[in-house]
Structures are given as C-alpha cells and as structure tokens.
Amino acid sequence: MLENMGVDDVVSWNSMVVGCVRQGFREEALSFFQKMHERNMKMDDFTYPSVLNSLASLKDMPNAMSVHCLIIKTGFTAYKLVNNALVDMYAKQGKSDCALKIFNMIVEKDVISWTSLVTGYSHGGSYEEAIKLFHEMRIEGVHPDQVVVASILIACAELTVIEFGKQVHTILLKSGLDSSLSVNNSLVTMYAKCGIIADAKQVFNSMSIRDVISWTALIVGYAKNGRGRDSICFYEQMVVAGIRPDFITFIGLLFACSHSGLVEKSRHYFESMVKVYGITPGPEHYACMIDLLGRSGRLVEARDLLNKMAVEPDATVWKAILGACRVHGELELGEKAARNLSELEPMNSVPYIMLSNMYSTAGRWEDAARIRKLMKSRGIRKEPGCSWTETNGKVHTFFSEDRGHPMTNEIYRKVDEVIMLIKAVGYMPDLTFALHDTNEEGKELGLAYHSEKLAVAFGLLTAPKGAPIYIFKNLRVCGDCHTAMKHISGVFVRHIVLRDSNCFHHFREGKCSCGDYW
C-alpha cells in the first residue's frame, strides 16, 4: 500500500517505521528511514524517536551518530520527544556521558526524560548511578512510572540492596499505579536475588497474569536459594499451565538438579530440552550437567559429555571441569581445564590457584610453586574476598582481617566470642583453607577473621534480636566459614542468609539449605 501511494506522505511512512519497530523488525525500520532521507521527505518529531528506538536495540553506533547529526541539522534538538529518545538511545548504547549531556540540556524534564536515563543506566549495568538518579528524580518531585520502577528493581536485585528494594516496592504501592507484568517480574527477581524467597513467592502468587519470565524468575530463584526440588515442582506446574519453557528456564532447572544431586532428573530435562522443545543447549546447560556429574563422582561421564558438546566450551564449562577435577584429584584433565580457562580469561586467578592447590594436595610441591611463580610473573592477582551487609539503608563492607570499620574493636571482640562459643559445640577450624605460609596459630587467627565472619559478627551486634542476618560475598564461601556459619546459626538461634558468587546458603539450626552440596 505504501509503494502504491501517489505521493510520499510522512505520516504513512512514520506508521511503517513505527510498525516495524513494534514488531521487532528494527533493521527494516532503519531501511525505511534511510529511504525517507533519500527521497528528501520532511521528517517530523515522530519519525526520529522511532528510528532512535531501533538503533538503541541494534547497538548501531555509527548510524546512531549519523541520525543525531541529522537531528541537529534539521533543528529538532528543541523537541523534548526527540531528546528523550536520544537520551534513551545513548544510555542503552553504553554512552552514559552523551546521554547525561543531552538530559542536562532538556529544559523541562518529564517522567519520560528521567525514565530514559535511569532505565538506560540500569540496562547498561551502571546500577549505582541508576539508583542515585532515581533519588534525584524523587527529590525533583517527578512521580515514577512502571517502566522506571521495573528498571530500578532490577538494579536493586543486582546490587542486593534489600532495604532500598523494599522502599521502591512501597513507593509503587502508595502511588496507586497498577502493577504491570514487567514490574511484578522485577519484584520476583529482586526478592529472589536478595534471598527473600518467601516474598518472591508471595508476589508471584498475587500475579493475575504470568509469562515465561515470571515462572523462570521463580524457578531460578528457588534453585539459587538451595530449594532445588521446589524449583522442579514449579517447573512441572509451569508446563501444566501451558507455558513453554525457554533457554533460561532450563539453565535454572539444571542448576536446581546440580545443587540437589539429581542426576537422572537432570538427564531427563536435558534431553527434553532438545527433543521436546527444540532448544539447542548452550555452554551454560553443559556446565550445569558437567558440574553435577563431577560432584556425583562420574568424572568419566563428565569428560564424555565435554567431548560431545555441540558448542565450543566457554569459561563456565572449564570452571565446572576444573572444580570436578579438584574434588577427585584428576590432575591430567585438571591441567587441560586450567590451560583452556587461562586462555579464555587471561587475568583470572582461579585456574592458577586451583591447579596449584591440586599439585600441593598431590605432594607435587615444585609444580605448585611453579604455577604460583607463573601467576606472579604474569601480573595476575587473586581477587580479594569481600563481604557486605546492609543495616538501616547503609552498606557495610568487610575484607579479610579488615580493621577499617568504625566498630572494629567491637566486631573483633564479637568474633572472638563467637569462635569460643562454637568451639564449645564442636567447631574445629579447617586449616586447609588458611594461608600456607604461616604457623598453626596464625592460620587459625587468619580463618577467624575472614570477611564473612567479620560481617556476621557485625550482624549479630546490630541486627534486631531474632532478625535474619543477610551477608553477600563476591567469591565462593570457603569450607571453614561454611561450617562456622552452621554452628553460629545454632548457637545464636539465627537465620543467616549468605549469598556467595554461586548461590544462597540459608543457615538455620546448625544446617544449611545447600545440604553441604555446594
């Protein structure tokens, strides 16, 4: 119909561009815009936002710059609708400085202006900046819409700032805004990623409409919180409800099986993913399967699966192989895994440290020293362990043997008290997780002042009596701290929630939700 029109009508062409964008045909939308330009059509303030939207999704920076130049030349920089689209486009391209510059040039900023910037920052992984901008938006008296609320909840989830996430939820409820599917999905994700799985389930239960993202957020959430069997139950309910699982759903499902030791279930789901749903497994799916087989002592099967992979193994897969080799002392395959992992991630210290530890365990001290020396010569440093906890809206961060906190004296006295009390009920420090170049006493003291122990001591000092203590760590929790946390939860009658780089550990009454299978 467009081609058969006698004249080039900008409204009709705009309709075509908008239609392509809404249906996901972004390259076609850009092609129609280019034809409009070639025909010297007089574009308006509806044309530019649509094509900028398509460029934001395509990550096409050269064309984005060209369109921006055209906007300047044609005098459309004074139009708020166009400027809002520019802010959104640059922010989603990761050009936050450009987005902020245009945002600051807008004289009368509306909720769309703010939403474009906040959403762009959150979308680009600048979560702290997104939250700061959200604060500024509130101070300016601009009422948030559903889009910005959904984005800021994702930022809260990624930063695990529980209290602020709850405040945003409260703002939503008080505003009278109807909660959209996107907002509800973000709420489920936020509560699950912050370890408050009961609240995630409560939000999920309140949803009148659920899609694959809703179910997947819950499945992944329960899996990460050590409730693998519940994840599987939700997956079965999802299938019965007629929702078709996707690529991400199966990652959560296989992760649940991996951390619950369900070998046969994982095989069944892995096969159904391919045969029933036609989903080609990615490296993440293979990593979950290899991790499970390795944990279960089926290293030969794990090796066979590695050799049969339909895709190139990535760092996640080699980490799973390396972890399995460490557990079972399989040096030959471990060396191969470490070599491949160091090629994929040259500055990652994990392959060097794990291989060195494997050599030490095998009594190959010269090889262990050689790997440590190689690591040092390449300028590779181990990422320092860091734990943090949130109290009264403020995040408190701790490093191993850290003495920079204002409450250092009280915290260290509390750690000493905690160690004395848990030793009385059977805790024995596991010195294999201590530094090797110190004496026995030094090793024990070093373990006592690991970052997560300092964080839990701070939590015991500051959290209300009986309230859960939430701790987050950038690395995997060490075996000694894991054992200590179990004892602490029993002695102090506390629910301790510790999220490491892999999953959540819920410690209650001397037990962990992971079943010591992490």
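Residues numbered from 1 in each chain as written. Predicted model: local features only at pLDDT ≥ 70, side-chain atom pairs only at ≥ 80, totals over all residues. Heavy atoms only, no water.

### Re unusual backbone geometry
And then number 1: One non-glycine residue, Asn40, adopts positive backbone phi at about 55 degrees.
And then number 2: For Asn40, the location among the structural elements is in the loop between α2 (26-38) and α3 (47-58).
And then number 3: For Asn40, a relative accessible area of 69% corresponds to the exposed category.
And then number 4: In this structure, Glu401 is a non-glycine residue whose phi angle is positive, near 55 degrees.
And then number 5: With respect to the secondary-structure elements, Glu401 resides in the loop between β2 (394-399) and α23 (408-423). (Helix = DSSP H or I, 4+ residues; strand = E, 2+ residues; numbered from the N terminus. Buried < 20%, exposed > 50% of the residue type's maximum accessible area, 1.4 Å probe, protein only.)

### As for the pairing of strand β5 (residues 504-508)
And then number 1: Counting buried positions along β5 yields four of five residues, so the element is predominantly enclosed.
And then number 2: Note that strand β4 (residues 496-499) and β5 share four bridges and pair antiparallel. Bridged to Arg499 within β5 is Phe504.
And then number 3: Here β5 runs beside strand β6 (residues 511-512); their pairing, made up of two bridges, is antiparallel. Counted as the bridge partner of Arg508 is Lys511 from β6.
And then number 4: Linking two consecutive strands that pair antiparallel, namely β5 and β6, is a turn of two residues; a positive phi of about 50 degrees is found at Glu509 within it. (Pairing = 2+ DSSP bridges.)

### Comments concerning the sheet that holds β2
And then number 1: With respect to topology, six strands assemble into an open sheet ordered β2-β1-β3-β4-β5-β6, the strand pairing being mixed. The sheet is open, and its two borders are formed by β2 and β6, each paired with just one other strand.
And then number 2: Note: strand β1 (residues 386-391) against strand β3 (residues 469-473), two bridges, orientation antiparallel. Within the sheet, the bridge partner assigned to Ser387 lies in β3 and is Lys473.

### Structural notes on helix α16 (residues 263-275)
And then number 1: Look at α16: 18 Å from first C-alpha to last across 13 residues, which is about the 18 Å you get at 1.5 Å a residue.
And then number 2: Within the span of α16, buried status applies to Val263, Ser266, Tyr269, Phe270, Ser272 and Met273.
And then number 3: At its buried positions, α16 is contacted by α14 (228-240), α15 (247-258) and α17 (283-295). (Expected span 1.5 Å × (residues − 1). Contact = heavy atoms within 4.5 Å.)

### A few points about helix α12 (residues 197-206)
And then number 1: Inspection of α12 places Ile197, Ala200, Val203 and Phe204 among the buried residues, and these make up the whole buried set. For α12, the buried positions fall inside an angular range of 120 degrees around the axis, keeping them on one side. Turned more than 90 degrees away from the buried face of α12, the exposed residues are Ala198, Gln202 and Ser206.
And then number 2: Its buried side turned inward, α12 meets α10 (162-175), α11 (181-193) and α13 (212-224). (Arc of directions from axis to C-beta.)

### Side note on the UniProt feature "repeat: PPR" (unreviewed entry) in the protein
And then number 1: Cross-referencing UniProt, the feature "repeat: PPR" (unreviewed entry) maps to residues 9-43, 110-144, 211-245 and 348-382 in the present numbering.
And then number 2: Taken end to end, residues 9-43 is 74% helix and 0% strand, and its first and last C-alpha atoms sit 10 Å apart.
And then number 3: The span residues 110-144 shows a helical share of 74% and a strand share of 0%, and its end C-alpha atoms are spaced 10 Å apart. (UniProt positions renumbered as here; feature names shortened; annotations may be inferred.)

### A word on the pairing of β2
And then number 1: Summarising the sheet, β1 and β2 pair through six bridges and their orientation is antiparallel. Within β2, the residue paired with Ser387 across the bridge is Phe398.
And then number 2: Hairpin remark: β1 followed by β2, antiparallel, with two residues in the connecting loop; positive phi at Asn392, about 50 degrees.

### Details of the packing of aromatic side chains
And then number 1: The tally for this structure, following the rule as stated, stands at 16 aromatic pairs.
And then number 2: On the basis of an interplanar angle of 75 degrees and a centroid distance of 4.9 Å, the ring pair of Phe103 and Trp114 is categorised as edge-to-face. Of this pair, Phe103 sits in helix α6 (residues 96-105) while Trp114 sits in helix α7 (residues 111-123), and the two are 11 residues apart along the sequence.
And then number 3: Judged by relative accessible area, which is 4%, Phe103 ranks as buried.
And then number 4: Judged by relative accessible area, Trp114 falls into the buried class, the value being 6%.
And then number 5: Centre to centre, the rings of Tyr412 and Tyr449 are 4.5 Å apart; their planes meet at 45 degrees, and the pair counts as tilted. Residue Tyr412 is located in helix α23, and its partner Tyr449 is located in the loop between α24 (440-448) and α25 (451-462); the two are separated by 37 residues in the primary sequence. As far as burial versus exposure is concerned, Tyr412 and Tyr449 are alike and both buried.
And then number 6: Through successive ring pairs, a cluster of aromatic residues spans Phe33, Tyr48, Phe76 and Tyr79.
And then number 7: One residue, Lys224, lies across the ring of Phe255, its end atom 4.4 Å from the ring centre.
And then number 8: Over the ring of Tyr412 we find Arg403, and its NZ or CZ is 3.9 Å from the ring centre. (Phe/Tyr/Trp six-rings, centres within 6.5 Å; stacked < 30°, edge-to-face > 60°. Lys NZ or Arg CZ within 6 Å of the ring centre and 35° of its normal.)

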